[in-house]
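Given next are the chains, with one letter for each unit.
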Amino acid sequence: MAQITDKTKNEVKEVVLDFFAEECEIEIDEISEDSNIISDLDGDSLMFLELIEIFKKKYNLNIELKTIGKYAVKNPVQTIGELIDMQLLIIEHENDILEIE
Amino acid sequence: MINKSAFIFPAFITEFTRNEIEFLDKNSVDFNDYLHRASVALNIDLPEFSYNTDVYRNDELNSQLLAYLLSCAFSDILQKKGIVPELIAGYSMGIYASLYAAKSITIEDGAKLIFNAYNLVKNLTKTRIYGMGAIIGLSTEDVGNLIQDSAPDIEIININNEHSLVIAGKKDDVLLVLKKAKEEGAFSAAELTVDTPYHSKYLLKYSEPFQKFINTISIKSAEIPIISTYDQREFTKLSEIKSELISNLTGKINWYKTMQKLIENNVSEIYECGAGKDLKKISRFIAGNYKMKSIYKI
């Protein structure tokens, strides 16, 4: 289980904001942790999947998409802040994420 | 190595970017002319388009016609600006706008083909309820196993990219497979808002009547090569176009392989010629040295 440091938190936030700014063709300062992924940013499942792939490579994570999918269906995210928190949980727990209470 | 450009055409509009009308206005295109030409050809009344017009949102045929006509208008704008693609591909019903862009058919004849195909396949839904669904986050093998175990009549009728595919069949079976897909860990498993199982075996019986109708349409060889979404061959000849029209309606397609074929052909700039940005979204998991160019920035 990986330790989540402040550095990791900042890195994840930066990657998520950069990603949405580029995908949505908007400035980073137009996105906040309260931004709704669907209604404000026109986000979709494929964007979520792509972010997981980015973090999988960046942190060399041992994760199976199906496992993350099962967790995501039970714990849907709506805002950028919630998405960042979920990415941190994935980095921390990898394939054991389903065991989180 | 010469880098090439391609136009790709969507089949439907999931969501507008809301830049469409501004783009038409900025380029001095009166979209009502396109609607009028199709209306006259089909002897129907396609009303003026706005983002909230129910006539286009709630009706499968009208939404197909709107997607087609917007694609034709956008292709005209790009080509008038001197952007002429070396290759073309159309996602599913995007074949009709592809043929228009390749100067193989007129706007009117494209509308007639859509109208006839729609009315033919509608006969199928008179006796049974069908549907389609999109699954994101499971492999083709995973979905194949789910189908085998729960609803063997369901078919994977299109692969969008590495992580996304489309199924079709009887509606109850579609819903069952979508439910199983969610349980299996799909990130998304959603029913599509169509009640026709396009590209499935159920449409095969319409090959012959559609062929007869195609023979009544004046089709010319394509001036720009088109990549088949059915078998990824490049075609321009009349006989190939007629064959593709049948295969595109009644056979399985593979958008992933079609995009890969464009990339293999050194296409480095791809313009999504249509409303919304569904094809850009799908391209996320299609690797290659290419850029999806936004037509709105031209």
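The structure contained in this document is the topic of the report that follows. Computed from a predicted structure; not experimentally measured.

**Thoughts on the side chain of Ser71 of chain B**
With respect to the helices, strands and loops of the structure, Ser71 of chain B is situated in helix 4 (residues 60-80). Filtering out sequence-adjacent residues up to four positions away, Ser71 of chain B remains in contact with Phe9, Pro10, Ala97, Cys273 and Gly274 of chain B.

**Concerning the interface of chain A and chain B**
The interface is formed by 18 residues belonging to chain A together with 23 residues belonging to chain B. Here chain A packs against chain B, burying approximately 1800 Å² in sum over the two surfaces, 57% of which is carbon and sulfur. Among the residues of chain A in contact with chain B, Asp42, Leu46 and Lys66 of chain A are the three that bury the most area, contributing 33% of the side total. On the surface where chain A and chain B come into contact, there are 10 salt bridges.

**Regarding the sheet that holds strand 3 (residues 130-136) of chain B**
Ordered by their spatial adjacency, 4 strands build an open sheet running 4-5-3-6 (chain B), and the pairing between neighbours is antiparallel. Of all strands in the sheet, those with a lone pairing partner are strand 4 (155-161) and strand 6 (188-191) of chain B, marking the two edges. Each neighbouring strand pair of the sheet contributes to a mean axis angle of 20°, computed without reference to strand direction. Examined bridge by bridge, strand 3 of chain B and strand 6 of chain B share 4 bridges and lie antiparallel to one another. Residue Ile136 of chain B lies in a different strand from strand 6 of chain B, and its bridge partner there is Ser188 of chain B. Of the strands in this sheet, strand 3, strand 4, strand 5 (164-170) and strand 6 of chain B touch helix 2 (residues 45-58) of chain A, which is tilted by about 25° from strand 3 of chain B.

**A closer look at the packing of helix 4 of chain B against helix 6 (residues 107-122) of chain B**
Helix-helix packing is characterised by the crossing angle of the two axes and by the distance between the axes. Residue and element names in this part refer to chain B. Look at helix 4 against helix 6: their axes get within 10 Å of each other, and the N-to-C directions meet at 155°. The pairing of helix 4 with helix 6 is recorded here as roughly antiparallel in orientation. The hand of the helix 4/helix 6 crossing is right-handed. In this structure, helix 4 uses Glu60, Leu61, Gln64, Leu65, Tyr68, Leu69 and Cys72 to contact helix 6, whose residues at the interface are Ile107, Gly110, Ala111, Ile114, Phe115, Tyr118 and Lys122. Of the residues contributing to the contact of helix 4 with helix 6, the split by class is 10 nonpolar, 2 polar and 2 charged.

**Observations concerning the packing of helix 2 of chain A against helix 4 (residues 80-93) of chain A**
Residue and element names in this part refer to chain A. It is the contact of helix 2 with helix 4, at a shortest axis distance of 11 Å, that shows an interaxial angle of 40°. By the angle between their directions, the pair helix 2 and helix 4 is classed as oblique. Note that helix 2 runs across helix 4; the crossing there is right-handed. Between helix 2, through Phe48, Leu51, Ile52 and Phe55, and helix 4, the contact on the second element is made entirely by Leu83, Met86, Gln87, Ile90 and Ile91. Of the residues contributing to the contact of helix 2 with helix 4, the split by class is 8 nonpolar, 1 polar and no charged.

Scoring rules and cut-offs
Residues numbered from 1 in each chain as written. Chains lettered and ligands numbered in written order. Predicted model: local features only at pLDDT ≥ 70, side-chain atom pairs only at ≥ 80, totals over all residues. Heavy atoms only, no water. Helix = DSSP H or I, 4+ residues; strand = E, 2+ residues; numbered from the N terminus. Contact = heavy atoms within 4.5 Å. Buried area = accessible area lost by both parts, 1.4 Å probe. Salt bridge = Lys/Arg side-chain N within 4 Å of Asp/Glu carboxyl O. Pairing = 2+ DSSP bridges. Axes fitted to C-alpha atoms, helices over the stretch in contact; angles between N-to-C directions. Parallel < 35°, antiparallel > 145°, perpendicular 65-115°, else oblique. Left-handed = near helix turned anticlockwise from the far one by under 90°. Nonpolar A, V, L, I, M, F, W, Y, C, P; charged D, E, K, R; others polar.

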